[in-house]
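Single-letter residue listing:
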Amino acid sequence: MPKKLALHGGTPVISRSFPHYRSFGKEELKAAEKVIQTGVLSKYLGAWHEDFYGGPEVRSFEEDWSAFFQTKHAVAVNSATSGLVAAVGALGLEPGDEVIVSPWTMSATATAILFWNAIPVFADIESETFNLCPQSIEKNITSKTRAILVTDIFGHSADRDAINAIAKKHDLWVIEDASQSPGAKCKGQYVGTWGDIGIFSLNYHKHIHTGEGGVCVTNDPKLCDRMQLIRNHAEAVVGPKGTADLSNMLGMNFRMCEIEAAMGREQLQKLERLVQERIEVADHLSHRLRDLPGITVPTVKPDNTHVYYCYPMVMDPNVVRAARAKVVQALQAEGVSNVYNGYMNVHLLPMYQKKIAFGSKGFPWTSDFARKDISYAKGICPTAEVLHAETLLNFHVCVFQYTKQELDSVIEAFQKVWTNLEELK
Ligand SMILES: *Cc1c(COP(=O)(O)O)cnc(C)c1O
């Protein structure tokens with residue numbers, strides 16, 4: 001006699017909430033305290049001076065970051081959103097230029113393009129890793145395309161070789177949003193370092209964090225210079241620096257504080273261990289969940305590592321024969337609170353559906369500079385849309401901390417729901 005589902009009044013498998021995932025400890029406390037004792041919480045100067053590049057902690061943090069990720073430069077910023085804006089700005093685009101982007105990312109990835117009055121063009125994703133599909137990228141290239149903004153989604157690299165080959169062939173920039181994949185590798189190389197610029201997030205929800213924060217990496221000194229300028233009010237304050245042209249770069253305040261940088265240095269030292277723990281969680285889940293009929297556990301491509309910001313599963317409705325929403329409800333009722341239906345499709349957000357980003361007259365899509373037949377219609381990214389609407393079951397990994405027993409209880413909850421699928425029809 002199968003146990004009654006919690007959804008239908010039975011006893012939940014998991015009766016209490018798991019402890020929150022924590023990447024912090026006494027090392028960060030000590031680092032923050034040390035900064036507070038100096039009294040210097042931020043040392044940036046909005047003028048041409050050696051402190052134009054920030055205080056000692058920010059600069060040491062950048063050195064640590066570029067040494068770890070093996071890039072020539074790292075630019076610390078106050079969020080990955082700021083980093084994305086600085087990165088797109090560094091390319092020096094024209095209004096109406098097109099940047100190919102994934103519908104499966106955080107909205108900020110595409111917003112960063114609009115910020116410079118460039119146009120996001122959404123290409124479809126692959127069904128295995130959920131990253132931009134190279135064939136779809138190529139289909140969406142026009143004479144106005146200048147860059148590909150790739151997101152390494154959920155913790156797995158996008159197709160480095162295929163995307164870099166397309167970029168080379170069409171003379172395009174590649175920016176990588178690696179916010180969800182710090183420490184993941186593709187053919188021995190850290191994800192976030194195979195494009196012209198890579199962006200990492202240090203927001204509270206990520207593998208490692210500083211509350212808010214981000215880092216941009218590049219090997220190109222010109223791109224680094226432009227990102228540093230955009231970070232700190234460029235056009236207004238560095239006349240004496242002698243930069244040839246300070247136009248088309250809208251200087252902002254994207255500066256990271258000293259406390260965050262000091263804590264970030266400690267967090268970076270923990271990255272490998274924290275990532276390894278996430279991998280162990282995912283491997284344990286995969287080992288057992290792959291036996292459930294109709295469930296495909298996450299794919300890790302040969303020569304890649306997956307760092308599992310999320311643990312994405314695909315559910316085959318023809319095998320499971322129950323609505324996904326019902327399955328998720330049943331799992332949540334059993335106490336698996338961090339499992340969700342699908343993943344947002346950015347192109348279907350109201351801003352894109354109405355094609356209004358600035359004001360009320362359809363700017364920038366209606367400007368003379370933009371191509372007039374840009375489409376965000378439902379159906380342009382069929383793989384992403386079907387996965388969201390029907391088949392993706394997403395377990396968020398960086399939310400809780402689990403012991404082996406707790407993970408076993410998650411697996412038991414899945415098994416219980418699967419034993420009772422008949423009831424969920
Ligand atoms: C979290 C995230 C961001 C935004 O990061 P912030 O540091 O919060 O600005 C951008 N892109 C992706 C893919 C993310 O997951």
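Just above, that's the structure.
Right, let's walk through the structure included here. As the structure is a prediction and not an experimental result, all values here were calculated from the model.

### Comments concerning empty space enclosed by the protein
Empty space among the atoms becomes apparent when a probe as large as a water molecule is rolled across them.
Consideration 1: Under the defined criterion, the tally for this structure stands at one cavity of 30 Å³ or more.
Consideration 2: Secondary structure elements with two or more residues in the lining of the largest cavity: β8 (197-201) and β9 (214-218).
Consideration 3: Looking at the lining of the largest cavity residue by residue, the class counts come to two nonpolar, seven polar and one charged.

### Side note on the site of the ligand
Consideration 1: Lining the immediate environment of the ligand, one finds 14 residues, of which Ala80, Thr81, Asp177, Ser201 and Lys206 sit closest.
Consideration 2: Between the ligand and the protein, one listed contact pairs an oxygen atom with a side-chain N or O atom of Lys206 at 3.0 Å.
Consideration 3: Here the ligand, which alone exposes 380 Å², has 92% of that area covered by the protein.
Consideration 4: If you map the ligand onto the pockets, it falls in the largest pocket.
Consideration 5: Residues of the shell around the ligand, tallied by class, amount to two nonpolar, ten polar and two charged.

### Concerning the packing of helix α3 (residues 80-90) against helix α4 (residues 107-115)
Consideration 1: α4 packs onto α3 with a crossing angle of 40 degrees between their chain directions and a minimal axis gap of 8 Å. The angle between α3 and α4 falls in the class oblique. Seen along the crossing, α3 lies across α4 with a hand that is right-handed. Along its contact with α3, which presents Thr81, Leu84, Val85 and Val88, the element α4 presents Ala108, Thr109, Ala112, Ile113 and Phe115.
Consideration 2: Class assignment of the residues belonging to the contact of α3 with α4 gives a composition of seven nonpolar, two polar and no charged.

Calculation criteria
Residues numbered from 1 in each chain as written. Predicted model: local features only at pLDDT ≥ 70, side-chain atom pairs only at ≥ 80, totals over all residues. Heavy atoms only, no water. 1 Å grid on protein atoms, 1.4 Å probe; cavity = no way out; pocket = protein on both sides within 12 Å on 5 of 7 lines; lining within 4 Å. Points joined across faces, edges and corners; volume = space filled by probe spheres on them. Helix = DSSP H or I, 4+ residues; strand = E, 2+ residues; numbered from the N terminus. Nonpolar A, V, L, I, M, F, W, Y, C, P; charged D, E, K, R; others polar. Near = heavy atom within 4 Å. Polar contact = N/O pair within 3.5 Å; in protein donor to acceptor, adjacent residues only side chain to side chain. Areas by Shrake-Rupley, 256 points an atom, 1.4 Å probe, with all protein chains shown as cover. Sits in = over half its atoms within 2 Å of the grid points. Axes fitted to C-alpha atoms, helices over the stretch in contact; angles between N-to-C directions. Parallel < 35°, antiparallel > 145°, perpendicular 65-115°, else oblique. Left-handed = near helix turned anticlockwise from the far one by under 90°. Contact = heavy atoms within 4.5 Å.

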